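Residues per chain are reported as follows:
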Amino acid sequence: MENRVSICGVGFDRVTAKEAKNRLFRALSGKKPPLSLYTPNPEIVELACRDPELSRILNEAGLSVADGVGVIRAARMLGDPLPERIPGVELGEAMLAFCAEDGEALPVFFLGGKPGIAEKAAERMREKYPGLSVAGTADGYFDEAKSPEVAGRVASSGAVLLFVCLGAPKQEKWIAAHRAKMPGVRVFAALGGSLDVYAGALRRAPRIFCRFGLEWLWRVIRQPSRIRRLFAVPAFLRRVRREKRRQKRGD
Ligand code: UDP
């Protein structure tokens, strides 16, 4: 797609945060067709290189943005820079604020996180955005066999915005497999740990970390189990360099 930057075969929209929000708001208000929002990181791009189905799913996103510095750097290395880093958690919150302006017409559903997280997120977000209507919540630890039932609950709740926070790539695959069962949903937002942040269970990195592109370091300090994810970054950068060399040769 013309307005997309391809990083190792995965497309990212060339949009600013403001443009991304406007696209989401238009979809939420029904002025544009429903869409799914993905924020692939280097680990997911690496996985997509070995998983054509995941690559196809990611490229079917209605909106795909770079949440982390790894992807921003890769786009710059390839000579096709993206306008800016767009934190998914902020896009999610902007959508909640938008939906709260007309709560009855724009209900939301929180799916994902450990038991209790989605409810807590709903409680805190209702306090912060008083008009917000939360049509339902469900935790993210259910058997695949239960998925049709979960999708049915979302569909009958009347939600137009669905947060799917199951971790990547589970959440993207879940949306692709089940979105047809939820025809009333206008935005499927695959936003990883956002519900943990809204619930107050996970603190976002202090601004200083973000300013220096070190949000990943903050996350590893807080959740040391995430360190294994960083192992994907050198392989990702090697792949980007190879792509750059191919570009130069004009292959
Ligand atoms: N999660 C979930 N179901 C699962 C696995 C994870 O609901 O089967 C939730 C987890 O509790 C967390 C969120 O998904 O709230 C994001 O998980 P993680 O940090 O692993 O994902 P990422 O940062 O890659 O999006």
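Residues numbered from 1 in each chain as written. Predicted model: local features only at pLDDT ≥ 70, side-chain atom pairs only at ≥ 80, totals over all residues. Heavy atoms only, no water.

Caption draft 1: Region of the structure containing the pairing of strand 7 (residues 161-165). Burial within strand 7 is extensive, with five of its five residues counted as buried. Neither face of strand 7 is left uncovered, since the one carrying L161, F163 and C165 and the one carrying L162 and V164 both have all their residues buried. Pairing of strand 5 (residues 108-112) with strand 7 involves five bridges; the strand directions are parallel. Following the sheet pairing, V108 is matched in strand 7 by L161. Pairing of strand 7 with strand 8 (residues 187-190), which is carried by four bridges, proceeds in the parallel orientation. Bridged to V164 within strand 8 is A190. Viewed along the sheet, the connection from strand 7 through helix 8 (residues 170-178) into strand 8 turns out right-handed. (Buried < 20%, exposed > 50% of the residue type's maximum accessible area, 1.4 Å probe, protein only. Helix = DSSP H or I, 4+ residues; strand = E, 2+ residues; numbered from the N terminus. Pairing = 2+ DSSP bridges. Right-handed = clockwise from strand over helix to strand, strands pointing away.)

Caption draft 2: Structural context of the nonpolar core. Ranked by size, the top nonpolar core spans 42 residues in total, and within it L96, F110 and L161 carry the most contacts. Broken down by element, this core gets its largest block of residues, eight residues, from helix 5 (residues 88-100). Ignoring anything within four residues of it in the chain, the contact list for F110 reads L96, A118, A121, A122, M125, V134, G136, T137, A138, F163 and L195. I7, I44, A74 and A159 belong to the second largest nonpolar core, which has 39 residues in total. (Core = buried A, V, L, I, M, F, W, Y, C linked by side-chain atoms within 4.5 Å. Contact = heavy atoms within 4.5 Å.)

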